[in-house]
Every structure is written in C-alpha cells, then in structure tokens.
Amino acid sequence: MSFDYFELSAEFDKIEEKLGYLKGNELAWEYLVAARDQLGGMAAPGDGYMPSEWWLEDCKFPVPGHEVDPTRWFQFTFWIPFDTIHDSPDPSKLGAANAKYMKDVAAGALQAWHNGASWASGLASYCRQVSDSFTRADATAICSALEDLHTYVTSDFSVNVLDDPYGIETIRTQWTGKSGTSFNTFYANYDGQIAQMAWASVQVAQTFAAAAHVIHGTQQGVLEFAKSIVKIIDQQLEAWAPIGPPPRDAPETPPWVADVTKIVTSGWKVLGHVPVVKDVKSQFDAVISAGTDVSNFVKTIADVTGTDLPTLSRTLDAADSDEIYKLLTDTLYDDYQQKYVAAMDALQTGTSIDPGDSGYQPPINTSDVLDDMPPPWFPRDDMPNEESMR
Amino acid sequence: MSDEIYVPIVKIYTAARQGIPDQAEELALIGGRLQSIVTTLDVQTAKAGDPPALRDALTIAGNIHDGIRRGVTTLNHAAFALEATGDDYVQSDTQARDEFNQWHGALKGIEPTRTTVPGDVGSPESPGAVLIDPTGHSYPHVIYSSDYDPEAPSEDKSDRDETADEDKSDLGLPYDPTAQYR
C-alpha cells in the first residue's frame, strides 16, 4: 500500500479540530467552575446573608455530534446581606444583577469553549512540520528509479564493456607493436573505469534502497498512529457527552505507535551489506549480481504495511487534551521524526541505531564509500585527448 | 611499421568508424538514462529532508554521470586517434594500403562520427532540487528541502500555553454583583 500524504494530512486536520473541541469542553467547564467559585460557594460568607440560587441556563458546548449540556451541574449561589435586601428601594434590581451574571457566565463559557480552537490552532501545521522530512518523499518513485538504475545503468555498463559486435576484442588481442599495445592499454583502462562506475552505481542503489525502506516504514507507521489518536479523541468526546462532567478515565484503547527502529533494522537486515568485490573489472558478474540483489530488495519494500508492524507500548495516564497533545507531539517527534533522522544519518556514519543490537551495522556507510572512490574516472592521462588529436 | 600490423586494416577502420562510435553512443544513452534517474533521486532527496547519506549518494551519482560524459569524449578521441593510426598505416605500409584499396565496404568513404556528449547533470547533491523544463516553455520548478530539524514539541507547547493564558486573561470572569457586599 503506497502512502497517501493527503490522507495523513487530513488526519492531522481532524486531530486539530477534535482536540480543539476537547480542550474547549475543558476550558468552558473550568470557566464555569471559576465563575461559580467566584461567588463564594455554598457556605455563607458570614451571619446575616440570604442565599439566592440560580441554575445555569442556555449553555451548551457545541461539539458537532457530541453536544454537551452542563447546566444540571451548575447551580450558582448569590449571598446577599439581609440589610441590603431590606434597605433596597427596589429588591428586584438585585435579582436583575444576578440574572445578568448568569447570562454573562453562559456567554463566557461559550467564549471559553471557542478558546479551545484557538489553543489547538496550528496543531495540524505543526504535525505536518514535524513529519515533513519523512512524509513528502515518495518511496515508490525511489524504488522505480532504482530498478531503472539497475537495468539501464549498472547492467548496461556491463553490456557496454562485454558486448563486442565489431571485433574490438580481436584487435586488442591480435594487434601488437607500439600502436597495438596503446590500443590494448586504452581499452583495458576504459573497461576498468566503466566497471568502477558500475560498482559505484550499485553503492548509490544500496544507499537509496536502504533510505526508501526507512521512508516507507516510517510513513506506514505514522498514518496508523495518527488514526489511533483521532480514535482516542473521539472516545474522550464521547465520554463527555451529553451532560458532562469531564471524563475521569483515560481512553481504553492505547495509541498505536510503530517501532520505527525495529521496522528499519529488520528491512536493512534483509537488504544486507554490499559484498566485497576486490577486482570489479574481472568480476563484472559479481557487480551485476550485487545490483540484482538490491533491485530484488527494492521490489519488496512496499510489502511492509499495515498494523502488523512492530509497535512500541505507549499508554495515556490521563484523559485530558493536554495529555493527548503531549502524547501526540512527543511521539511524532521522538518516535518517528528523530528515529527517521537517526536511521538516515546512520547510513552516512555506519553506526548502529538499535541500542539492543549495538553490533549491527547499517547496510552502507556513504562516508567510507566516498572516501574510497577515486573520481573522476575519465579522462586518464594515458588515454587519447584533444591534444593528441592535433 | 609493417611488422606492427597483425590485424587487417579494415578491422581498424571498422573499429574507428563504427565500433567505437557505437560504444560511445551506448555510453551516452546510459548517461541520458542516468540523468533522468538522478533527477528523480534528487527531487526525492530534497523531499526527504536532504539527509547527508543521500547527498553523498547523489555526489557519487553525479560523479558517475561526469565520468560518462568524459568517457564519451574519450571514446570520441579514441575513434579519431585510431582513424589517424589507420591512415598512417595506409600511407606507410604496402600490405595495409593493398587491403585498403581492395576494401569496398559501406564504411570506406565515411569519417568517424563524434557522439554528442550528454548534458551536465549539475550538482544534484546541493540542497533542494530544481526541475528544468527541457522545452524551455515554463520556468524551472524549485523543490525545497523538507524540514529535517523541526521545532521540538516543548517550543510548540510553550507557544500554545502562552496563547491559552492570553485568551484566558482576555476573557476574564463576569463582574461579581456580590463582591460589593463583602
């Protein structure tokens, strides 16, 4: 299954929207509690006070599909001194002030609820930014290019050297003397350089094959993770509806978090290391064979898919939006992005990425490959050049 | 010079006029294919955040492509060098001249061709990627590097908490009508 960036992006949008609702419920509830507590609570502030009880009315948290009506949980008590009631020329005005307060509280709770969206605003963008490095690349496009690299470059280098439709090999073996020796030397060096280039192209293929596996594995894991977070938020919104109060329990379903390191190393072990070919010129078949192995591995990368991938155990201790937000962003950053970077960087340094298997080395060390490579391959001093033509 | 000739002069001219140019054409074709592959890998490397290992691999791929370009040039030179050697033999060696005069093949009257050297692949290892429309009808398409070092969650949380505090402060609580009694 190929990765669909827009599917993931849509899941991030859902997370921002729904987590905003959840946060909104919590902020509105907090607001109502603060507004009620501001009045002094159930106990009279002293002797000579009379309580005036008001129930919250016309206040709903407008979560689409999960509307919350908290009114039955909020009774407000206004403590008014007897003297004030007695001395008031119009005691009904005291009631009007209380009614205004209740109206303001209902409006304030709605505003507090909308502040949930303000808090969540930009969360999808942040998630896209954190996952930018491993979600934009197309592993399928890389794999397709690598198959072309093997067929039309590595293998065709071999054809270029080994095919001899015009009898150049005959000239090389039969032509003696100074010119004949020069001609033979030229071709020996030409073939050697082409063989080196074919070998180098296998190293390029090996690097990109290892990287395509990292990209594909991380992408598969992140989509499942994002979907599991949406489910968790849905569960919590469900737990709020329809009358509050806030849910006390954490979601029953744990988040699904891929073990990126294990996915990567298990694939890399299948890819293996590029075999040592001491003399690529005389072992062109070994070069092609190594290229074929990489090409065969590339064909299997797309098979790594679904929820059968190795996972990490992650739990939620609380049920609120902050906890879910922390789980979302920390996991996305620590368990996906940073592990993706560690795996990609390891392809240059050759260092292990699995603390439990420190002896295992990644399938390539591009730093060493670059150091060992002596470009440019052409021209060589002993080959004909522009000067020698004049 | 005659003691040097152990292959027919026709074979030398055939190699100079067809064998080596064909080989150069094949090599140039490989270069063209590689150029297209490198472009794909360059774009995907940019989208993958330009990891150092992939940029190393693109450096190697770019070197291979440069090698192909120089290899084509070298084969072009080799064909002309071999043609010149054949001409020397025909001028100076009786047997070579006789063979040449008796030769009636299609290649006899032509000169070695120079294979067009594939275009420069540039620096694919540089950050980002640029797709150039070969027809020149549209502007180059720039692919920027993905964010390999994004902001840590603690920074995002800090911004978010700040927003929440400001919103809460702006909203405040309604005026408490009982405050005046206390």
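Novice: Looking at this structure, I do not really get the overall build of chain A. What am I missing?
Specialist: Check the secondary structure of chain A and you find 11 helices and 4 strands. Radius of gyration (C-alpha) of chain A: 35 Å, far over the 21 Å computed for a compact globule of 390 residues. Across its three principal directions, the C-alpha atoms of chain A cover 130 × 45 × 30 Å. A burial count over chain A gives 51% of its 390 residues as buried.

Novice: Any chance you could explain the environment of Asp-167 of chain B here in plain terms?
Specialist: On the secondary structure map, Asp-167 of chain B appears in helix α4 (residues 153-171). With a relative accessible area of 16%, Asp-167 of chain B lands in the buried category. Separated by 67 residues in the primary sequence, Asp-167 of chain B and Phe-100 of chain B place their C-alpha atoms 96 Å from one another. Here Asp-167 of chain B is in contact with Asn-115 and Ser-118 of chain A, once residues within four sequence places are set aside.

Novice: Any chance you could explain the pattern of salt bridges here in plain terms?
Specialist: Here the idea is simple: oppositely charged side chains can pair when their charged atoms come close. All told, the structure shown has 17 salt bridges over all chains when counted by the stated rule. Across the pair Lys-339 of chain A and Asp-335 of chain A runs a salt bridge whose closest N-O atoms are separated by 3.3 Å. Placement of the pair is Lys-339 of chain A and Asp-335 of chain A together in helix α10 (residues 321-349), with a separation of 4 residues, close to one helical turn. Owing to a relative accessible area of 23%, Lys-339 of chain A belongs among the partly exposed residues under this scheme. You can call Asp-335 of chain A buried: its relative accessible area is 6%. Note that Asp-161 of chain B is salt-bridged to Lys-157 of chain B, the shortest N-O span being 2.8 Å. Taken together, the positions of Asp-161 of chain B and Lys-157 of chain B, both in helix α4 and 4 residues apart, correspond to about one turn of that helix. What emerges from the salt-bridge pattern is a single network uniting Glu-169, Arg-172 and Asp-191 of chain A.

Novice: Sorry if this is basic, but what is going on with the confidence of the model for chain B here?
Specialist: Do not read the fine detail of predicted coordinates wherever pLDDT is low. This prediction gives chain B a mean pLDDT of 91; 97% of its residues lie at or above 70. For chain B, strand β1 (residues 129-131) of chain B is the element with the lowest average pLDDT, namely 89, and helix α1 (residues 9-47) of chain B is the one with the highest, namely 95.

Novice: Whenever I open this one, the domain arrangement of chain B confuses me. Can you help?
Specialist: Think of interface size as the accessible area that goes away when the parts come together; that is how it is often given. Segmentation of chain B into domains returns domain 1 (9-146) and domain 2 (151-182). Taking the mean C-alpha position of each, domain 1 of chain B and domain 2 of chain B sit 68 Å from one another.

Novice: Got a minute to help me understand a negative patch on the surface in this structure?
Specialist: Among the surface-exposed residues, Glu-155, Asp-159, Glu-162, Asp-165, Glu-166 and Asp-170 of chain B lie close enough to one another that they form a single negatively charged patch. In this structure, Asp-170 of chain B sits in helix α4.

Novice: Could you clarify how one ought to interpret the environment of Asp-83 of chain A in this entry?
Specialist: Its location among the elements puts Asp-83 of chain A in helix α2 (residues 82-87). Distance in space between the C-alpha atoms of Asp-83 of chain A and Met-50 of chain A is 9.9 Å, their sequence separation being 33 residues.

Novice: Looking at this structure, I do not really get the interface of chain B and chain A. What am I missing?
Specialist: On the side of chain A, 99 residues touch chain B, which itself brings 80 residues to the contact. Taken together, chain B and chain A are joined by 0 salt bridges. Our enumeration of links across chain B and chain A arrives at 24 residue pairs in polar contact (both at pLDDT 80 or more). Looking at the side of chain B that touches chain A residue by residue, the class counts come to 40 nonpolar, 20 polar and 20 charged.

Novice: What exactly am I supposed to notice about the nonpolar core here?
Specialist: Among soluble globular proteins, nonpolar side chains are generally buried collectively. Residues Phe-76, Phe-157 and Trp-268 of chain A together with Ile-64 of chain B are the most contacted members of the largest nonpolar core, which totals 163 residues. For Trp-268 of chain A, the residues in contact, after removing those within four places along its chain, are Ala-210, His-213, Val-214, Ala-343, Ala-346, Leu-347, Ile-353, Tyr-360, Pro-362 and Pro-363 of chain A.

Novice: Whenever I open this one, the confidence of the model for chain A confuses me. Can you help?
Specialist: Confidence in the prediction of chain A, expressed as mean pLDDT, is 90, and 97% of residues score 70 or more. Element-level mean pLDDT values for chain A span from 85 in helix α6 (residues 168-174) of chain A up to 97 in helix α4 (residues 123-135) of chain A.

Novice: Looking at this model, I keep getting lost on the packing of aromatic side chains. Mind explaining?
Specialist: When we look at a pair of aromatic rings, we describe it by the centre distance and by the angle of the planes. Across all of its chains, the model carries 24 aromatic pairs over all chains by this definition. Between Phe-76 of chain A and Tyr-101 of chain A the ring centres are 6.4 Å apart and the planes differ by 65 degrees, which places this aromatic pair in the edge-to-face class. In this pair, Phe-76 of chain A is assigned in strand β2 (residues 75-81) and Tyr-101 of chain A in helix α3 (residues 92-120), connecting sequence segments 25 residues apart. Aromatic rings pair up to connect Trp-29, Trp-54, Phe-61, Trp-73, Phe-74, Phe-76, Phe-78, Tyr-101 and Trp-240 of chain A into one cluster. Over the ring of Trp-119 of chain A we find Lys-23 of chain A, and its NZ or CZ is 4.7 Å from the ring centre. Positioned above the aromatic ring of Phe-100 of chain B, the side-chain terminus of Lys-108 of chain B is 4.8 Å from the ring centre.

Novice: Teacher, can you tell me more about the packing of α4 of chain A against α10 of chain A here?
Specialist: Geometry of a packed helix pair, given as the angle between the helix axes and the separation of the axes. Residues and elements named next belong to chain A. α10 packs onto α4 with a crossing angle of 15 degrees between their chain directions and a minimal axis gap of 8 Å. In this view, α4 runs roughly parallel relative to α10, as classed from their interaxial angle. Crossing angle aside, the handedness with which α4 passes α10 is left-handed. In contact with Leu-123, Tyr-126, Cys-127, Val-130, Ser-133 and Phe-134 of α4, α10 contributes Tyr-325, Leu-328, Thr-329, Leu-332, Tyr-333, Tyr-336, Gln-337 and Tyr-340.

Novice: It is not clear to me how unusual backbone geometry should be interpreted in this structure. Could you clarify?
Specialist: A negative phi angle characterises most non-glycine residues, just as the trans form characterises most peptide bonds. Residue and element names in this part refer to chain A. A positive phi angle is found at Asp-58, which is not glycine, with a value near 50 degrees. When you line up the elements, Asp-58 lands in the loop between β1 (49-55) and β2. Using a relative accessible area of 77% as the deciding quantity, one classes Asp-58 as exposed.

Novice: How should I be thinking about α10 of chain A in this particular structure?
Specialist: All names here are of chain A. Taking 1.5 Å per residue, 29 residues should reach 42 Å; α10 reaches 40 Å between its end C-alpha atoms and fits that length. At Thr-331, α10 shows its largest bend, some 30 degrees. Among the residues trailing α10, Gly-350 stands out with phi positive, at a value near 80 degrees.

Novice: Would you take a moment to explain the side chain of Asp-354 of chain A for this structure?
Specialist: Residue and element names in this part refer to chain A. Inspection of the secondary structure puts Asp-354 in the loop between α10 and α11 (366-372). For the buried Asp-354, no salt bridge exists, and the shortest N-O distance to an oppositely charged side chain is 4.8 Å, to Lys-262. Within polar-contact distance, the side chain of Asp-354 engages the backbone nitrogen of Gly-356 at 3.0 Å. Beyond its immediate chain neighbours, meaning those up to four positions away, Asp-354 contacts Thr-261 and Thr-265.

Novice: Looking at this structure, I do not really get a nonpolar patch on the surface. What am I missing?
Specialist: Residues and elements named next belong to chain B. A grouping of Val-130, Ile-132, Val-142 and Tyr-144 is seen on the molecular surface, where their side chains present a nonpolar patch of about 440 Å² in accessible area. Position of Val-130 among the secondary structure elements: in strand β1. Given a relative accessible area of 49%, Val-130 falls into the partly exposed group.

Novice: How should I be thinking about the packing of helix α2 (residues 52-92) of chain B against helix α3 (residues 94-101) of chain B in this particular structure?
Specialist: All names here are of chain B. It is at 6 Å that the axes of α2 and α3 come closest, and there the two elements cross at 105 degrees. As judged from the angle between their axes, α2 and α3 are roughly perpendicular. Only Thr-94, Ala-96, Arg-97 and Phe-100 of α3 make contact with α2, whose side of the interface consists of Tyr-89, Val-90, Gln-91 and Ser-92.

The rules behind the values
Residue numbers restart at each chain and count upward from 1, following the sequence in its written direction. Going through the entries in the order they are written, you letter the chains from A and number the ligands from 1. Side-chain atom pairs in this predicted model are given and counted only at pLDDT of 80 or more, local residue features only at pLDDT of at least 70, and totals for whole chains, interfaces and linings cover all residues. The basis for the side-chain values is all heavy atoms of the structure; hydrogens and waters are excluded. Under the DSSP-based scheme used, a helix requires at least four consecutive residues in state H or I and a strand at least two consecutive residues in state E, with every element numbered from the N terminus. For the radius of gyration, the atom set is restricted to C-alpha positions; the globular benchmark scales as 2.2 Å times the number of residues to the power 0.38. The rule is simple: take the accessible area with a 1.4 Å probe, protein chains only, and divide by the maximum for that residue type; under 20% is buried, over 50% is exposed, in between is partly exposed. Any two residues whose heavy atoms approach within 4.5 Å at even a single point are treated as in contact. Salt bridge, as applied in this entry: a Lys or Arg side-chain nitrogen positioned within 4 Å of an Asp or Glu carboxyl oxygen. For every residue, the predictor states its confidence as a pLDDT score lying anywhere from 0 to 100. Domain delimitation follows an automatic or database domain assignment. A residue counts toward a patch only above 30% relative accessible area and without a salt bridge, and it is joined to like-charged neighbours within 9 Å or, for Val, Leu, Ile, Met, Phe, Trp and Tyr, to nonpolar neighbours within 5 Å. In short, Shrake-Rupley with a 1.4 Å probe defines the accessible areas, and a residue's cover is counted only from the protein chains shown. Counted as positive: Lys and Arg. Counted as negative: Asp and Glu, with His and the chain ends omitted from the count. Taken as the charge centre is NZ of Lys, CZ of Arg, CG of Asp or CD of Glu, depending on the residue. Two N or O atoms count as a polar contact when they lie within 3.5 Å, although within protein this holds only if one can serve as hydrogen donor and the other as acceptor, and sequence-adjacent residues are included solely when both atoms are side-chain atoms. Gly falls in the polar group here, along with every residue not listed as nonpolar (Ala, Val, Leu, Ile, Met, Phe, Trp, Tyr, Cys, Pro) or charged (Asp, Glu, Lys, Arg). Take the buried Ala, Val, Leu, Ile, Met, Phe, Trp, Tyr and Cys residues and link them wherever side-chain atoms come within 4.5 Å; each set so joined is a nonpolar core. Centres within 6.5 Å are what make two rings of Phe, Tyr or Trp a pair, Trp counting through its six-membered ring; a difference in plane orientation under 30 degrees is then read as stacked, over 60 as edge-to-face, and the rest as tilted. Cation placement over rings: the criterion is NZ of Lys or CZ of Arg within 6 Å of the ring centroid and within 35° of the ring normal. Axis lines are fitted through C-alpha atoms, for helices just across the contact stretch, and the angle between N-to-C directions can take any value from 0 to 180 degrees. By definition in this entry, angles of less than 35 degrees are roughly parallel, angles greater than 145 are roughly antiparallel, angles of 65 to 115 are roughly perpendicular, and the rest are oblique. Here a crossing is taken to be left-handed if its near helix is turned anticlockwise relative to the far helix by less than a right angle, and right-handed if that turn runs clockwise. Here a helix's expected span is defined as the number of its residues, less one, multiplied by 1.5 Å. Here the bend at a residue is taken as the angle between two axes, fitted respectively to the seven residues that end there and the seven that start there.

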